[in-house]
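Single-letter residue listing:
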Amino acid sequence: MVNPLFDRLFGIHAGKATPFLHLLNGEVITHQDFLGMAAQIANVLAQTGLKPGDRVAAQVEKSPEALALYAACAQAGLIFLPLNTAYTADELTYFIENSGASVVICDARSEVTLAPIASGLGAGIETLNANGSGTLMDQAAAMPLSYATVDRDGDDLAAFLYTSGTTGRSKGAMLTQNNLLSNAETLAQEWRFTSDDVLLHALPIFHTHGLFVATNVTLAAGGSLIFMPKFDLDAVLQHMPQATSLMGVPTFYTRLLSDDRFTRELTQHMRLFVSGSAPLLAETHVQFEERTGHRILERYGMTETNMNTSNPFEGDRRAGTVGFPLPSVELKITDPASGETLSQGDVGQIEVRGPNVFKGYWQMPEKTAAELREDGFFITGDLGKIDGDGYVHIVGRNKDLIISGGYNIYPKEIELMLDDQPGVLESAVIGVPHPDFGETVLGVVIAEPGQSPDLDAMMEAVRQALARFKHPRQLILLDELPRNTMGKVQKNILRDQYKDMFAS
Ligand code: MLC
Ligand code: AMP
């Protein structure tokens with residue numbers, strides 16, 4: 001009777017009255033309390049008729065109950081499908097339909113909009129609000145504090161995370177129990193996590209970084225989380241003296257450095273700062289060390305692969321690099337055209353293989369085949385090189401992607417919308433440097449001959465359809481797009497032209 005993910009991350013803490021979640025109101029939820037909550041939710045889900053392998057779509061605010069829902073899915077053998085709280089009804093409809101979710105769990109405020117969508121797609125609906133209220137926990141309250149853990153194999157699916165694609169259609173990355181577990185255990189060891197660790201948790205829990213890295217690593221080590229609803233600079237500064245570690249996107253670190261209260265003294269009790277999800281500027285790394293004496297540990301990962309590389313815990317954490325492949329992860333640099341492995345030092349596409357690499361995209365065998373080779377290597381779409389000391393450098397992307405504050409935005413999705421608007425001939429969406437978010441979105445629009453598209457109306461159409469973080473900060477009307485002799489739009493020229501648009 002086994003369920004590797006549940007047993008080794010959650011079940012091992014059964015009966016422990018040790019703290020797991022420190023909430024900002026002073027309340028502490030112990031490992032045992034948390035397991036009880038998860039079991040109650042698992043009972044509710046099972047009673048509503050869900051069977052192992054069914055998908056549970058959740059668009060809920062960050063709360064202990066939302067995290068317990070993840071544990072409940074693991075215990076009941078359900079596939080957890082967390083969704084960004086910024087997604088609009090249009091975006092959600094696609095995810096619910098594509099995944100074939102059996103139940104949608106949402107904030108009560110979204111229920112009016114989502115209930116008809118869910119029922120139209122044959123899914124049930126439950127509510128879970130930021131304060132833990134709602135129909136899910138109302139039912140859970142009457143349930144037993146234990147649940148007979150469902151047997152699962154390490155190769156069984158544990159979660160779907162949707163990632164956008166270069167064609168504008170999101171793909172459900174299928175992650176197995178072993179993908180998540182192997183990575184959590186490796187990272188806990190590599191980063192020397194123990195039960196004494198207290199991690200400042202300010203990331204969202206609907207993405208790999210906040211859910212599978214920050215949470216799973218802490219669980220694997222039996223440590224605890226200072227569980228914050230979101231990254232709030234004042235709260236992070238206030239609680240840092242009680243913490244030992246922080247995981248964040250580069251925006252966390254630039255925001256901390258922008259505040260004079262962030263001092264060496266404030267970080268005295270900290271042993272580790274980890275950065276990832278987007279490139280950390282070497283200058284941020286240097287400034288951080290000057291201010292605090294700590295060297296940020298940068299690592300590299302993605303939704304489909306969890307974490308691939310990490311700078312060393314002991315040893316030189318090199319600015320501008322993402323360190324070495326993790327134990328049991330193979331990484332090679334290949335020629336994008338031929339797929340041949342390149343010589344050391346040459347720039348090419350980064351490919352990875354290991355127990356961390358996902359199973360493929362849900363019901364998209366062609367897209368899976370295009371990115372996941374038969375021999376198990378996954379083509380990341382990132383461009384990089386390995387230097388003489390073995391450090392991996394990410395030097396660019398072979399995919400048209402913008403990363404804003406750690407969120408991925410695929411230009412194609414926005415371009416398709418803009419192209420559909422009245423009077424628009426074509427458009428190009430690019431990422432330009434932004435002091436807070438690293439990159440931000442800029443839309444360039446070309447009018448049909450004799451037309452003058454209404455840019456405000458276009459922005460309104462985008463607002464209705466797409467999550468806030470994907471909205472272009474500005475739309476610009478141009479006469480034509482720069483193209484090469486093959487007729488391909490030269491986005492690099494546009495990026496260069498507008499690179500200082502949002503510079504501080
Ligand atoms: C919020 N906004 C953003 C944004 N986050 N816009 C662009 N990019 C973002 N990342 C919007 C808000 O809705 C708001 O809209 C306005 O921008 C300003 O908001 P803010 O208050 O300044 O932002 P804040 O809420 O503080 O959020 C910023 C942030 C957050 C950086 C703290 O985005 C965040 O937590 N990012 C982490 C993302 C993450 O977990 N990525 C990991 C993916 S996994 P308005 O309407 O007020 O103008 C992965 C794999 C790996 O990549 O390797 O880890
Ligand atoms: P996501 O699809 O949200 O998981 O984002 C994954 C992408 O984030 C990767 O393919 C990289 O392009 C980028 N990324 C993650 N970590 C880093 C890092 N440390 N440096 C540069 N880019 C990163």
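Keep in mind the model is a prediction, meaning the values are calculated, not measured.

Draft legend 1. Local environment of the pattern of salt bridges. One pass over the full model with this rule turns up 27 salt bridges. Of the charged contacts, one joins Glu415 and Lys491 as a salt bridge, the two residues approaching to 2.6 Å between their closest N and O atoms. With Glu415 in helix α13 (residues 411-419) and Lys491 in helix α15 (residues 491-497), this pair connects stretches of sequence that are 76 residues apart. Of the two residues examined, Glu415 and Lys491, each falls in the buried class. Lys499 is the salt-bridge partner of Asp496, the closest N and O atoms lying 3.9 Å from each other. Asp496 gets classed as partly exposed once you look at its relative accessible area, which sits at 48%. On the accessibility criterion, Lys499 (37% relative accessible area) is partly exposed.

Draft legend 2. Highlighting the environment of Thr215. Structurally, Thr215 can be placed in helix α8 (residues 208-221). Note: C-alpha distance between Thr215 and Gly248 (33 residues apart in sequence) is 12 Å. What Thr215 contacts, discounting residues up to four positions off in sequence, is Leu67, His201, Gly210 and Leu225.

Draft legend 3. View of the site of ligand 2. Taken together, 16 residues surround ligand 2, and among them Arg299, Thr303, Asp382, Lys399 and Asn408 come closest. Contact distances for ligand 2 include 2.6 Å between an oxygen atom and a backbone N or O atom of Thr303. Against a free-state accessible area of 500 Å², the protein chains account for coverage of 92% of ligand 2. Those elements giving two or more residues to the shell around ligand 2 turn out to be β13 (297-302) and β20 (392-397). When residues in the shell around ligand 2 are grouped by element, the largest group, 5 residues, is from β13.

Scoring rules and cut-offs
Along each chain, residues carry numbers from 1 onward, in the same order as the chain's sequence is written. Naming scheme: in the order in which they are written, chains are lettered from A and ligands are numbered from 1. Restriction of local features to residues with pLDDT of at least 70 applies here, the model being predicted, together with a cutoff of 80 or more for giving and counting side-chain atom pairs; totals for whole chains, interfaces and linings are based on all residues. No hydrogens and no water enter the side-chain calculation; it runs on all heavy atoms of the structure. One speaks of a salt bridge when a side-chain nitrogen belonging to Lys or Arg is within 4 Å of a carboxyl oxygen belonging to Asp or Glu. Put simply, DSSP marks the helices as runs of H or I at least four residues long and the strands as runs of E at least two long, and each gets a number from the N terminus on. With a 1.4 Å probe rolled over the protein chains alone, any residue whose accessible area is under 20% of its type maximum counts as buried; one over 50% counts as exposed, and the rest are partly exposed. We call two residues in contact whenever any of their non-hydrogen atoms come within 4.5 Å of each other. One heavy atom within 4 Å of a molecule or strand is enough for the residue carrying it to be called near that molecule or strand. Here a polar contact is taken to be a pair of N or O atoms separated by no more than 3.5 Å, where protein atoms must pair a possible hydrogen donor with a possible acceptor and residues adjacent in sequence count only if both atoms sit in side chains. Areas reported as accessible are Shrake-Rupley estimates using a 1.4 Å probe. Residue values count occlusion only from the protein chains shown.

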